[in-house]
Amino acid sequence: MSEYDALIINATIVDGLNKAYTGGIAIKGARIIQTGDPQGDAATVIDAQGLTAVPGFVDPHSHADGGLPWYPNCESAVMQGCTTVVAGQCGGSPAPINQYTRPPGVLADEVYRRSPYLYHGPSLLTIEDVNALMEEKYGWTIDYRTMAEYFDHVLTKGISINYVPLIGHGTVRYAVMGEDYKREATQAEVDRMKELIRQGMQQGCHGMSAGLDYDPDVFATPDEMNQCVATLKEYDGIYVPHWRRTGRRRQVKMGGYSSEPIKGILEVIEASRATGVRLNIAHLAPGWYSQPPMTPEIGAAVGKATLEPIDRAIQEGLDVNFDVIPWQCWEPFPYLCSLHFTQWLRLLDGREKLAEWLRSEEFRKKAWQEIESGNLFQRLVVNPCINPHWAENLKIVTHSDADSAGKTLQEASENRGKDPWNTLCDLITEDPDSKASHTDYRGVEAQMKEFFRHPLGAVGLDVGVSDDKDTMRRTPPYATPLPDQFTGYPKFLTRYVRDSDLLTIEEAVYKCATLPAKTYRLKDRGTLAPGAYADIALIDMENLGIVGHPELSVTYPTGVPYVWVNGKLVVENGAHSGARPGEIILRD
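Reading the values: the criteria
- Residues numbered from 1 in each chain as written.
- Predicted model: local features only at pLDDT ≥ 70, side-chain atom pairs only at ≥ 80, totals over all residues.
- Heavy atoms only, no water.
- Pairing = 2+ DSSP bridges.
- Helix = DSSP H or I, 4+ residues; strand = E, 2+ residues; numbered from the N terminus.
- Contact = heavy atoms within 4.5 Å.
- Axes fitted to C-alpha atoms, helices over the stretch in contact; angles between N-to-C directions.
- Parallel < 35°, antiparallel > 145°, perpendicular 65-115°, else oblique.
- Left-handed = near helix turned anticlockwise from the far one by under 90°.
- Nonpolar A, V, L, I, M, F, W, Y, C, P; charged D, E, K, R; others polar.
- Core = buried A, V, L, I, M, F, W, Y, C linked by side-chain atoms within 4.5 Å.
- Buried < 20%, exposed > 50% of the residue type's maximum accessible area, 1.4 Å probe, protein only.
- Salt bridge = Lys/Arg side-chain N within 4 Å of Asp/Glu carboxyl O.
- Polar contact = N/O pair within 3.5 Å; in protein donor to acceptor, adjacent residues only side chain to side chain.
- 1 Å grid on protein atoms, 1.4 Å probe; cavity = no way out; pocket = protein on both sides within 12 Å on 5 of 7 lines; lining within 4 Å.
- Points joined across faces, edges and corners; volume = space filled by probe spheres on them.

Chemist: Got a minute to help me understand the sheet that holds strand 13 (residues 238-242) in this structure?
Modeler: In sheet architecture, strand pairing relies on hydrogen bonds along the backbone and comes in two forms, parallel and antiparallel. If you walk across this open sheet you meet the six strands as 11-12-13-14-15-19, and the pairing is parallel. The open sheet terminates on both sides in strands that have one partner only, identified here as strand 11 (167-168) and strand 19 (457-459). Summarising the sheet, strand 15 (residues 320-324) and strand 19 pair through three bridges and their orientation is parallel. Residue pairing for strand 19: Asp323 is matched across the bridge by Ala458. Of the strands in this sheet, strand 14 (278-281) and strand 15 are in contact with helix 9 (residues 296-316), which crosses strand 15 at around 150°. Packing against the sheet, helix 15 (residues 445-453) makes contact with strand 15 and strand 19, and its axis sits at approximately 130° to strand 15.

Chemist: Whenever I open this one, the packing of helix 5 (residues 169-177) against helix 6 (residues 187-202) confuses me. Can you help?
Modeler: For any two helices packed against each other, the geometry comes down to the angle between their axes and how far apart the axes lie. At a minimum axis separation of 9 Å, helix 5 and helix 6 run at an interaxial angle of 125°. The pairing of helix 5 with helix 6 is recorded here as oblique in orientation. As for how helix 5 packs across helix 6, the hand of that crossing is right-handed. Contacts from His169, Val172, Arg173, Ala175, Val176 and Met177 of helix 5 reach helix 6 at Glu189, Arg192, Met193, Leu196 and Ile197. Considered class by class, the residues forming the contact of helix 5 with helix 6 number seven nonpolar, one polar and three charged.

Chemist: Where do I start with the nonpolar core in this structure?
Modeler: Soluble globular proteins tend to pack their nonpolar side chains together in the buried interior. Ranked by internal contacts, the top residues of the largest apolar core, which has 110 residues, are Tyr239 and Ile281. Top element by residues in this core is helix 16 (residues 484-498). It accounts for six residues. Residues within four places of Ile281 in sequence aside, it is in contact with Pro241, Trp243, Ile265, Val268, Ile269, Ile310, Val320, Asn321, Phe322 and Asp323. Formed by 33 residues, the second largest nonpolar core is a distinct cluster that contains Cys337, Trp344, Trp390 and Tyr441.

Chemist: Explain unusual backbone geometry here, please?
Modeler: With an omega dihedral of 10°, the bond running from Ala95 to Pro96 counts as a cis peptide bond. In this fold, Pro96 is placed in the loop between strand 7 (82-87) and strand 8 (100-101). Note the cis peptide between Asp215 and Pro216, where omega equals 0°. Among the structural elements, Pro216 can be located in the loop between strand 12 (207-211) and helix 7 (222-232).

Chemist: How do you make sense of the sheet that holds strand 17 (residues 394-398) when you look at a structure like this?
Modeler: Taken in spatial order, the three strands make up an open sheet running 16-18-17, and their pairing is antiparallel. Each edge of the sheet is formed by a strand with only one pairing partner; in this case those strands are strand 16 (331-335) and strand 17. Adjacent strand axes in the sheet meet at a mean angle of 30° when their direction is disregarded. One ladder, built from four bridges, connects strand 17 with strand 18 (residues 435-438); its direction is antiparallel. Paired with Ile396 across the strands is Ala436, a residue of strand 18.

Chemist: How should I be thinking about the pattern of salt bridges in this particular structure?
Modeler: Opposite charge on two side chains allows them to pair when their charged atoms are near. As enumerated under the stated definition, the model contains 35 salt bridges in all. In this structure, the salt-bridge partner of Glu195 is Arg192, at a minimum N-O distance of 3.0 Å. One end of the pair, Glu195, and the other, Arg192, are both in helix 6, three residues apart, so they sit about a helical turn from each other. For Arg192, a relative accessible area of 39% puts it in the partly exposed group. Here the salt bridges do not stand alone but share partners, grouping Asp236, Arg278, Asp319 and Arg521 into one network.

Chemist: Before we go on, may I ask you to explain the side chain of Glu110 in this structure?
Modeler: Examined against the element boundaries, Glu110 turns out to sit in helix 2 (residues 108-114). Beyond its immediate stretch of four places on either side in the chain, Glu110 contacts Leu133 and Lys137.

Chemist: Looking at this structure, how should I read the environment of Tyr100?
Modeler: Note that Tyr100 resides in strand 8. Expressed as a C-alpha distance, the spacing of Tyr100 and Ile197, which sit 97 residues apart in the sequence, is 17 Å. Beyond its immediate sequence surroundings of up to four residues, Tyr100 is in contact with Leu124, Leu125, Thr126, Gly178 and Glu179. One polar contact links Tyr100 to Glu179, side chain to side chain, over a distance of 3.0 Å.

Chemist: Could you clarify how one ought to interpret the environment of Ile325 in this entry?
Modeler: Structurally, the position occupied by Ile325 is in the loop between strand 15 and strand 16. Residues Ile325 and Ala458, 133 residues apart in the sequence, show an inter-C-alpha distance of 8.7 Å. Ile325 has contacts with His283, Tyr441, Arg442, Phe452, Gly460, Leu461, Asp462 and Asp484, leaving out every residue within four places of it along the chain.

Chemist: Whenever I open this one, empty space enclosed by the protein confuses me. Can you help?
Modeler: Under the defined criterion, the tally for this structure stands at three cavities of 30 Å³ or more. Estimated volume of the largest cavity: approximately 50 Å³. If you go around the largest cavity, the residues you meet are Asp59, Ser62, Ser76, Ala77, Gln80, Cys82, Val85, Leu461, Val463, Gly464, Val465 and Gln485. Mapped by element, the contributors of at least two residues to the lining of the largest cavity are strand 6 (57-62), helix 1 (75-78) and strand 7. What the second largest cavity holds in volume is close to 40 Å³.

None of this, on its own, says anything about what the molecule does.
Structure (structure tokens):
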């Protein structure tokens, strides 16, 4: 019998603790047995000459729990080196479920076909209605009502990565208030929420998330939130809020929007101060908006000013951390016509019909009036109602007109001598299938660099899990996953380590693995040390890359040939092995 199950030799090892060095890693069972220069034979030997061995990435902000029952192989995560996710974010967890529940994302097309809508789909359906759609599409139903039952459901199928669960305050609020959630909760309702939070924590959740820009949490008062957060103190849990950055994403009319994101950051810090509960601020973004667009110098100043209240809280003795989405956070439309014309695509039943109608000046004016009405929410970065620079943030990725492809809408409009709106309409009539994406919603890179330089700036992707097949929804706006779902970590490593000197490889690995494991107190995770779990990725830094257009890519990266999860080889020679050795890491 071999001494080791697997032996990695000749690797550049970045262990999350020390300077990089050349050596080997010996694996036995689920653990790393020895590092450095292990001697002995092994059932499997991988010569990692030219490769970098790193701890499997720990994503501190994931929505993977919304996909685990449907995508147990977790391809989009593990194929880029991610071996552990902290999921249940932005107030949404799989349970508890009472009479109503959020429809799973995999049913988006079915929900639309069941009851077509122009603007926004239903926030809630009865569990009976959801299961009727589930039975029709998948042949099985959602049989869990508590987090413990969801864990059992997931483990029955197995998963390829590790899952660290949070309970979502929004899901709890829905379970208590049902469809009557657009108001302040009564004290009796808050008490019931606290009971469900305790239940989730007792069943193994590590903490509670909130989505304070989203239904139903946007209607929760600070007092309700503080009472619910305080419940976590009984279990030494962690509070993980999507803080109030934009306000409720509905009815943003022309000239009718204002927001001061820094107040949202201060609110969640105050919740931690009032309750004594640990805090991880989700996907930190600048505390102020600026019009016109910021210069790099102003951006850096805004970044530093955003960090100041966090640093003051830490100096005060609060346990505060934060994570940051990699720059640049491209969001595919994906079609050029998808976002600003979604309701018309639904009404006219497709892109070709829309292109025909956009030849009419009368229809263009009507479509613009719809934009001004705010009936359909637009991302702030490309929302003409509130952002006079919206056309600068819209990138035409593909188009039959070669002079327009690769340019921003603003550039294309200047080239054509027309205003951005009519240029957008013209481009759609010329090529209804043209693709587009918008630039990062957070302003300029300089402010984000301040967050990544900060010692507590962990990398979180804010994505789900899936495979790379059939990724586009069939109904408008034909949504696809974010590119970060497949290539967020490779993008971060190439942009800030390989192709620039913002971070060393040791600093980057610490932010992608060691720091988030520390924040969530995941014992023996996030490092390559003897005794640690054998969650390991071998990275080919030279050939690490994104396939296709970075703004649209929904497939696996190049340069991640091997990944182990709990000692089992899940990615071998760049392909998923089919193994599902992942664990649900419950709170101790």
